[in-house]
There are 2 protein chains.
Amino acid sequence: MELNIKLDRQGKKPLFLQIAEQIVNDINLGVIKQGTRLPAERKLAKSLSVNRSTVINAYNELTDRGYVQSHIGSGTTVTNVDIETEKEDIFVWRDLLSGQAESLINPYNSALKELLSERNLIAMDAGIADPDHYPKKALADISQELLLSEGNMLLQHGSPQGLLSLRESIVSIMKSRGIHSQVENVIVLNGSQQGLDLVSRILLEPGDSIILEEPSFLGAIDVFRTYGVRLVAIPTDGEGMVIDYLEKAIKRTKPKFIYTIPTYHNPTGLSLSSTRRKELLKIANRNHVPILEDDPYGLICFDNQPFPALKALDSTESVIYLSTFSKVIANGIRLGWMVAPPELTRIVVAAKQINDMHSGNFIQRMIDVYYRKGFFEQQILDIRGKYKLKRDTMLKALAKYAPEGMSWNTPQGGYFVWATLPDGLSAIKVLEEAVHNKVAFVAGPVFYLNDNGLRKIRLNYSYVSLEDINRGIKILCNLIESMKKKFTKNRVLEKEYLPIV
Amino acid sequence: MELNIKLDRQGKKPLFLQIAEQIVNDINLGVIKQGTRLPAERKLAKSLSVNRSTVINAYNELTDRGYVQSHIGSGTTVTNVDIETEKEDIFVWRDLLSGQAESLINPYNSALKELLSERNLIAMDAGIADPDHYPKKALADISQELLLSEGNMLLQHGSPQGLLSLRESIVSIMKSRGIHSQVENVIVLNGSQQGLDLVSRILLEPGDSIILEEPSFLGAIDVFRTYGVRLVAIPTDGEGMVIDYLEKAIKRTKPKFIYTIPTYHNPTGLSLSSTRRKELLKIANRNHVPILEDDPYGLICFDNQPFPALKALDSTESVIYLSTFSKVIANGIRLGWMVAPPELTRIVVAAKQINDMHSGNFIQRMIDVYYRKGFFEQQILDIRGKYKLKRDTMLKALAKYAPEGMSWNTPQGGYFVWATLPDGLSAIKVLEEAVHNKVAFVAGPVFYLNDNGLRKIRLNYSYVSLEDINRGIKILCNLIESMKKKFTKNRVLEKEYLPIV
């Protein structure tokens, strides 16, 4: 028989696969009948001007897929393929999706996603550590040493709750946040994101409500949303969540929990005041509403010791506490932890086991040894100094270049300056212009539940160099200045700016 | 004032904490009133016979927790603590739990859990690789080299879908299973357990049905159960899932998907025959039911090349494929992958991002380089030879020692021999006796949905040494022999054995 095969020799797809797939297609269409003997390899190779090995690979492919059979003597024949099945259209998954999947279909928001693309710009949009401070050498030595000395344990299955020796180190780290935890209640996670997800999993049902301060961490908003719950926003001011609104909101919405980042908040950089911490706990307890405390930045303080965590004041075990190694060591470590109320520990561990069995012993032990050798303490001291300098550089640049009408916070710790654009300017429009000018930040609205934060921008200082901070803020401020002038000039004409104020 | 403090000097709790907590207690009870000035540090230290630094630490602790304030000149005074809050009972979480959490409350089944405890026995219950074959040296060298040369990338955030270069390696590995995947449709996971969970998450709603062959993998049964779905079992025979039952079950229960381990099944060790693979796909397609194919053992074949994966025959994109590096390299690596239908890829990646942001670049790149240097191919060849020898040793020992009435499979690949005890014996009773005799295996019932598999046992040969396989099988068979005699003798008297047959 003659086969009708056309090869695209410039194409990316290997020739053998092109041959195989065209034969499959012809079998499925019924052009090549069952039982047909295909041309001998040598013959087909000649007619297509390809190597014989290409045809052999194509036939092997067809054999693997069950379309042909090869027998010595009788050559390669088309098997009794069930044409009915093979001709079916591509499977449609859409109508099988769960409610969670539906909420994931829309392009997911993510600063992370943006960050991954290669960009040649001043990336003040990052929420990440300075790679110059990643302890590469220390971790390289520790990793090699450990695999040689403890390899059997490190590469073996581990506890779903996490490596005991790392949990001991975490208990010790927790003391500097005022928390006296026990190894029994510490759970190791693949970053605190997994903690947000596991807590949601064990507490939330579609239709539930939760309360969170606004603005809030994007990754948390994203995960809560997929659980089909109602997100109730409490506004913030310079002292963090405005507690006055809390009790009314609790009584109205009966939330499953209150999610909060009380210390060096993302995106605002601010901390909940000491008085409000006590009020928050009091109101939450009085109404039997637990608290999910997210504390990724608690150790990165500049001027004073930070407020102790809410968990440190939690005498009733109503606070679930999350933190991470990402912000101090390196973001890609993917290792965080939870301090759980004793009643919940076993359930969270079971959920973790269902989710991914356990976190790898190797990376856990690496960070454990990094801590035990004193590197972690030193790293904290180092980055406090370095990020403080970066913060100061950013604040100085803002003071120097910012146009009238622009304002910003002075963070006492963490990664971010939170700024407000002059009247009438849109953070999203400014971002578009800024990216043209090779400067990036995060526009406020992503941190809000509704159409708020339109004039807010989050400026990260941890990732960029001192020089770039100064240069970036200068470019940005000049741009804001010129957009402001344009806005003022065209105030009546350009309606698109008007609803933003 | 005098404080009433009793110290337990032999106790585990540090003295400073004992002091602080007793003071907190007295404040909460109202024994120590607000505004009270605590004794000077030196004085209290003397009266308790402790170092002054212990009292300083105790007072710092109280300050951290917000119970006292220290001012130069006025000493340490009790703050205006809100007694109402502090006296509250421990928070009760029980009534806040989600449906998923409810299903996680009961002690979770897990072979893994057992394994973690230190035991001095012949562990034929494991589902794990032989640690002697863990490539410790190769990974140690690769890890150190990589952290020094690519540390900035490895410790930085990565793609939620997984490192591109690892996905390229996976595409290449997939060819040996007959699957022609694209990097766009490969998703890196923290072990294939995470894949089971993510697929459940995007497809299942409480009340849905899914079909799976019985017996099946415990970790999969566990995860499906937490989603509140109905599990519909299809029996298996020597050729795998008995397809004759399938279509009727589909029409009756309208399942969201069919979960199957078609190659070197866990626990049976058997493979779905070539004919049945085609029938399974045909029936599934005809009824618009997708397939979740779990293929952890597909690369570990002994006698012949394994059947190509179901995914290799999937012309309609109705199969989701899962596999892992655990069984070939080492169990604790926690790196698996999915080959997803194009329509689902973006949704699974979004779910992965919600779940834990992304897998760590470091471990991904380690395994990628391990593959690219040719170690992975070599490792597969090595363990095929070694596990084949172990399988043969186990089969020989069974042939030599097994009492009449006992039978077992001959696996062509994978980790397990699946055996049936003589009439009237209970796998669970035999396991109890075996553990007394320092031999472990997994009793059949955990792999079944209802009270089936009572006479089935799963014997692992990958983890134990050749010598222990022989010794373990001998001990086990002798024990079965003697239990069988006892059963036959007491047949009428010992009712407890009777319902088991």
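Overview of the structure. Please read these numbers as outputs of a predicted model, since none were measured by experiment.

**Here we look at the nonpolar core**
Point 1. Core analysis: the largest hydrophobic core is formed by 161 residues, its most contacted members being Leu 459 of chain A together with Leu 459 of chain B.
Point 2. Grouped together as the second largest cluster of nonpolar side chains are 80 residues, Leu 204 of chain A together with Leu 204, Phe 257 and Ala 340 of chain B included.

**Remarks on the relation of the copies chain A and chain B**
Point 1. Superposition of chain A onto chain B requires a rotation of 180° combined with a translation of 0.1 Å along the rotation axis, giving an RMSD of 0.3 Å. The relationship between the two copies is best expressed as a two-fold rotation axis. Closest approach to the rotation axis within chain A is made by the C-alpha atom of Gln 144 of chain A, at a distance of 2.9 Å.
Point 2. Comparing interface residues between copies, 99% of those in chain A also sit at the interface in chain B, which points to an isologous, same-surface contact.

**Things to note about the sheet that holds strand S12 (residues 407-408) of chain B**
To summarise the sheet geometry, strands pair through backbone hydrogen bonds and adopt either a parallel or an antiparallel arrangement.
Residue and element names in this part refer to chain B.
Point 1. As summarised here, the arrangement of the 4 strands in space is S12-S13-S16-S15, forming an open sheet in which the pairing is antiparallel. Each edge of the open sheet carries a strand with a single partner, namely S12 and strand S15 (442-443).
Point 2. Both strand S13 (residues 416-420) and strand S16 (residues 456-460) contribute to a ladder of 5 bridges, which runs antiparallel. Counterpart to Ala 419 in the pairing with S16 is Ile 457.

**Some thoughts on the pairing of S13 of chain B**
Residues and elements named next belong to chain B.
Point 1. Counting buried positions along S13 gives 5 out of 5 residues, so the element sits mostly inside the fold.
Point 2. Where burial is concerned, the two faces of S13 agree: the one with Phe 416, Trp 418 and Thr 420 and the one with Val 417 and Ala 419 are both buried.
Point 3. As paired elements, S12 and S13 share 2 bridges and run antiparallel to each other. Following the sheet pairing, Ser 407 is matched in S13 by Thr 420.

**Thoughts on the interface of chain A and chain B**
Point 1. With 112 residues of chain A in contact, the opposing surface of chain B contributes 111 residues.
Point 2. Taken together, both faces of the contact between chain A and chain B bury some 9,800 Å²; the carbon and sulfur share is 59%.
Point 3. Together, Phe 91, Trp 93 and Leu 155 of chain A form the three largest contributors to the area buried by chain A at its contact with chain B, with a combined 8%.
Point 4. Put simply, chain A and chain B have 2 salt bridges between them.
Point 5. A salt bridge links Arg 201 of chain B to Asp 197 of chain A, with the shortest nitrogen-to-oxygen separation between them at 2.7 Å.
Point 6. Put simply, chain A and chain B have 47 residue pairs in polar contact (both at pLDDT 80 or more) between them.
Point 7. Split by residue class, the side of chain A that touches chain B holds 53 nonpolar, 33 polar and 26 charged.

**Notes on the packing of helix H2 (residues 41-48) of chain B against helix H3 (residues 52-64) of chain B**
All names here are of chain B.
Point 1. It is the contact of H2 with H3, at a shortest axis distance of 8 Å, that shows an interaxial angle of 120°. Regarding H2 and H3, the two cross each other, and that crossing is right-handed. Contacts between H2 and H3 involve Glu 41, Arg 42, Leu 44 and Ala 45 from the first element and Arg 52, Val 55, Ile 56 and Tyr 59 from the second.
Point 2. In the contact of H2 with H3, the residues fall into 5 nonpolar, no polar and 3 charged.

**Notes on the packing of aromatic side chains**
Two aromatic rings are characterised by how far apart their centres lie and by the angle between their planes.
All names here are of chain A.
Point 1. Evaluation of the coordinates by the stated rule reveals 29 aromatic pairs over all chains.
Point 2. A centroid spacing of 5.8 Å and a plane angle of 80° characterise the contact between Tyr 297 and Phe 416, whose relative ring orientation is edge-to-face. Taken together, the positions of Tyr 297 in the loop between strand S9 (291-294) and strand S10 (319-324) and Phe 416 in strand S13 (residues 416-420) put the pair 119 residues apart, joining distant regions of the chain.
Point 3. According to the relative accessible area criterion, Phe 416 is buried, its value standing at 1%.

**Focus on the environment of Ile 428 of chain B**
Residues and elements named next belong to chain B.
Point 1. Relative to the elements of secondary structure, Ile 428 occurs in helix H16 (residues 427-436).
Point 2. For the pair Ile 428 and Ser 103, spaced 325 residues apart in sequence, the C-alpha separation works out to 24 Å.
Point 3. In this view, Ile 428 contacts Ala 443 and Pro 445; residues no more than four positions away in its chain are not counted.

**Considering the sheet that holds strand S6 (residues 230-237) of chain B**
Residue and element names in this part refer to chain B.
Point 1. One open sheet accounts for 8 strands, arranged S4-S11-S10-S9-S8-S5-S6-S7; its pairing is mixed. Among the strands making up the open sheet, the edge pair consists of strand S4 (186-189) and strand S7 (240-241).
Point 2. Relative to strand S8 (residues 258-260), strand S5 (residues 209-214) is paired through 2 bridges, and the arrangement is parallel. Counted as the bridge partner of Leu 212 is Tyr 259 from S8.
Point 3. Contacts from helix H8 (residues 164-175) reach S4, strand S10 (319-324) and strand S11 (336-339), with the element oriented near 110° to S4.

**Overview of the side chain of Thr 260 of chain B**
Point 1. Inspection of the secondary structure puts Thr 260 of chain B in strand S8.
Point 2. When sequence neighbours within four positions are dropped, the list of residues in contact with Thr 260 of chain B reads Glu 213, Met 241, Leu 280, Ile 291, Leu 292, Glu 293, Asp 294 and Leu 310 of chain B.

**Let's talk about unusual backbone geometry**
Point 1. Looking along the chain, the bond that leaves Asn 266 of chain A and enters Pro 267 of chain A is cis, with omega of 15°.
Point 2. Within the secondary structure layout, Pro 267 of chain A lies in the loop between strand S8 (258-260) and helix H12 (274-286).
Point 3. In this chain, Glu 214 of chain B is followed by Pro 215 of chain B through a cis amide linkage whose omega measures 0°.
Point 4. The phi dihedral of Lys 438 of chain A is positive, around 65°, even though this residue is not glycine.
Point 5. Along the polypeptide, Lys 438 of chain A turns up in the loop between helix H16 (427-436) and strand S14 (439-440).

**Thoughts on the environment of Glu 404 of chain A**
Residue and element names in this part refer to chain A.
Point 1. For Glu 404, the location among the structural elements is in the loop between helix H15 (375-401) and strand S12 (407-408).
Point 2. The exposure class of Glu 404 is exposed, given its relative accessible area of 69%.
Point 3. In sequence terms Glu 404 and Val 183 are 221 residues apart; their C-alpha atoms lie 52 Å from each other.
Point 4. When residues no more than four places from it in sequence are discounted, the contact partners of Glu 404 are Pro 422 and Lys 484.

**Let's talk about the pattern of salt bridges**
Point 1. Applying the stated criterion across every chain, the model contains 45 salt bridges over all chains.
Point 2. Measuring nitrogen to oxygen at the nearest pair gives 2.8 Å for the salt bridge that ties Asp 303 of chain A to Arg 391 of chain A. Of this pair, Asp 303 of chain A sits in the loop between S9 and S10 while Arg 391 of chain A sits in helix H15, and the two are 88 residues apart along the sequence.
Point 3. What makes Asp 303 of chain A partly exposed here is its relative accessible area of 34%.
Point 4. Judged by its relative accessible area of 4%, Arg 391 of chain A is buried.
Point 5. Put simply, Asp 237 of chain B and Arg 276 of chain B hold a salt bridge, and the shortest N to O gap is 2.8 Å.

**Digging into the packing of helix H13 (residues 342-356) of chain A against helix H9 (residues 192-203) of chain B**
Point 1. At a minimum axis separation of 5 Å, H13 of chain A and H9 of chain B run at an interaxial angle of 100°. Classified by the interaxial angle, the pair formed by H13 of chain A and H9 of chain B is roughly perpendicular. Counted together, Gln 353, Ile 354, Asn 355 and Asp 356 of chain A of H13 of chain A and Gln 193, Gln 194 and Asp 197 of chain B of H9 of chain B form the full contact between these two elements.
Point 2. Across the contact of H13 of chain A with H9 of chain B, the residue classes break down as 1 nonpolar, 4 polar and 2 charged.

Criteria and thresholds
Residues numbered from 1 in each chain as written. Chains lettered and ligands numbered in written order. Predicted model: local features only at pLDDT ≥ 70, side-chain atom pairs only at ≥ 80, totals over all residues. Heavy atoms only, no water. Core = buried A, V, L, I, M, F, W, Y, C linked by side-chain atoms within 4.5 Å. Buried < 20%, exposed > 50% of the residue type's maximum accessible area, 1.4 Å probe, protein only. Least-squares fit on C-alpha atoms with pLDDT ≥ 70 in both. Contact = heavy atoms within 4.5 Å. Pairing = 2+ DSSP bridges. Helix = DSSP H or I, 4+ residues; strand = E, 2+ residues; numbered from the N terminus. Buried area = accessible area lost by both parts, 1.4 Å probe. Salt bridge = Lys/Arg side-chain N within 4 Å of Asp/Glu carboxyl O. Polar contact = N/O pair within 3.5 Å; in protein donor to acceptor, adjacent residues only side chain to side chain. Nonpolar A, V, L, I, M, F, W, Y, C, P; charged D, E, K, R; others polar. Axes fitted to C-alpha atoms, helices over the stretch in contact; angles between N-to-C directions. Left-handed = near helix turned anticlockwise from the far one by under 90°. Phe/Tyr/Trp six-rings, centres within 6.5 Å; stacked < 30°, edge-to-face > 60°. Parallel < 35°, antiparallel > 145°, perpendicular 65-115°, else oblique.

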